[in-house]
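So the chains spell out like this:
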Amino acid sequence: MAEWDDVRRLALALPESDERLSRGLRQWRVKDKLFVWERPLRRSDLEALGDRAPDGPILGARVEHLVAKEALLADDPAVFFTTPHFDGYPAVLVRLDRIAPADLEELVVEAWLARAPARLAKAYLDSR
């Protein structure tokens, strides 16, 4: 469904956002704070997930808090997942090729709101 160009378009449409490469992987930041990023599975992830390890592109996304993380994981486990590396951390992993475009847009905006400075986030919300 979604592709990296969709992530790029959505992320860069948000105020004060930029794209960077880190170790050859794309990441998007607001005021130097990471909000969504390309996150291929590492060996430890593959070992932890076993047969449940997905193929395809993986997007990492910040969420507002751990309750939001748990809600996403429970809501659609075919799309959202996590690994032990992210235990206790407000972020989810997303099967990019399984997320609907509208859900991707909501996820990117929510990730941006979770990381943007309060004044910038308020101005953005007020403008909508």
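The coordinates are above.
A brief look at the structure comes next. (Residues numbered from 1 in each chain as written. Predicted model: local features only at pLDDT ≥ 70, side-chain atom pairs only at ≥ 80, totals over all residues. Heavy atoms only, no water.)

## Concerning a negative patch on the surface
Point 1. Together, E64, D75, D103, E105, E106 and E110 make up a negatively charged patch on the protein surface.
Point 2. For the negative patch, the element with the highest residue contribution is helix α4 (residues 101–115), accounting for 4 residues.
Point 3. As for its position among the elements, E105 is in helix α4.
Point 4. Under the relative-accessibility criterion, E105 is labelled partly exposed at 41%. (Patch = residues over 30% accessible without salt bridge, like charges linked within 9 Å, V, L, I, M, F, W, Y side chains within 5 Å. Areas by Shrake-Rupley, 256 points an atom, 1.4 Å probe, with all protein chains shown as cover. Salt bridge = Lys/Arg side-chain N within 4 Å of Asp/Glu carboxyl O. Lys, Arg positive; Asp, Glu negative; His and termini not counted. Charge placed at Lys NZ, Arg CZ, Asp CG, Glu CD. Helix = DSSP H or I, 4+ residues; strand = E, 2+ residues; numbered from the N terminus. Buried < 20%, exposed > 50% of the residue type's maximum accessible area, 1.4 Å probe, protein only.)

## Overview of the packing of α4 against helix α5 (residues 118–127)
Point 1. Where α4 meets α5, the axes come as close as 8 Å, and the angle between the chain directions of the two elements is 140°. Between α4 and α5, the angle falls in the class oblique. Residues V109, W112 and L113 of α4 form the contact with α5, whose own contacting residues are L120, A121, Y124 and L125.
Point 2. Class assignment for the residues of the contact of α4 with α5 results in 7 nonpolar, no polar and no charged. (Axes fitted to C-alpha atoms, helices over the stretch in contact; angles between N-to-C directions. Parallel < 35°, antiparallel > 145°, perpendicular 65-115°, else oblique. Contact = heavy atoms within 4.5 Å. Nonpolar A, V, L, I, M, F, W, Y, C, P; charged D, E, K, R; others polar.)

## Points about the pairing of strand β4 (residues 58–62)
Point 1. Most of β4 sits inside the fold, with 5 of its 5 residues counted as buried.
Point 2. By the alternation rule, side chains of β4 split into I58, G60 and R62 and L59 and A61, which are all buried.
Point 3. Relative to β4, strand β3 (residues 33–38) runs antiparallel, the two sharing 3 bridges. Looking at the pairing, W37 lines up with G60 of β4. (Pairing = 2+ DSSP bridges.)

## Some points on the side chain of D45
Point 1. Tracing the backbone shows D45 in helix α2 (residues 43–49).
Point 2. Accessibility expressed as a relative area gives 1% for D45, which makes it buried.
Point 3. Within the structure, the side chain of D45 is placed 2.8 Å from the backbone nitrogen of R42, a separation counted as a polar contact.
Point 4. Once residues within four sequence positions are removed from consideration, D45 is found in contact with R39, P40, T83 and H85. (Polar contact = N/O pair within 3.5 Å; in protein donor to acceptor, adjacent residues only side chain to side chain.)

## Here's the deal with the nonpolar core
Point 1. Ranked by size, the top nonpolar core spans 31 residues in total, and within it F35, V36, L59, I99, L104 and W112 carry the most contacts.
Point 2. Elements with a minimum of two residues in this core: α1 (4–12), β2 (25–30), β3, β4, β6 (91–95), α4 and α5.
Point 3. The biggest single contributor to this core is α4, with 7 residues. (Core = buried A, V, L, I, M, F, W, Y, C linked by side-chain atoms within 4.5 Å.)

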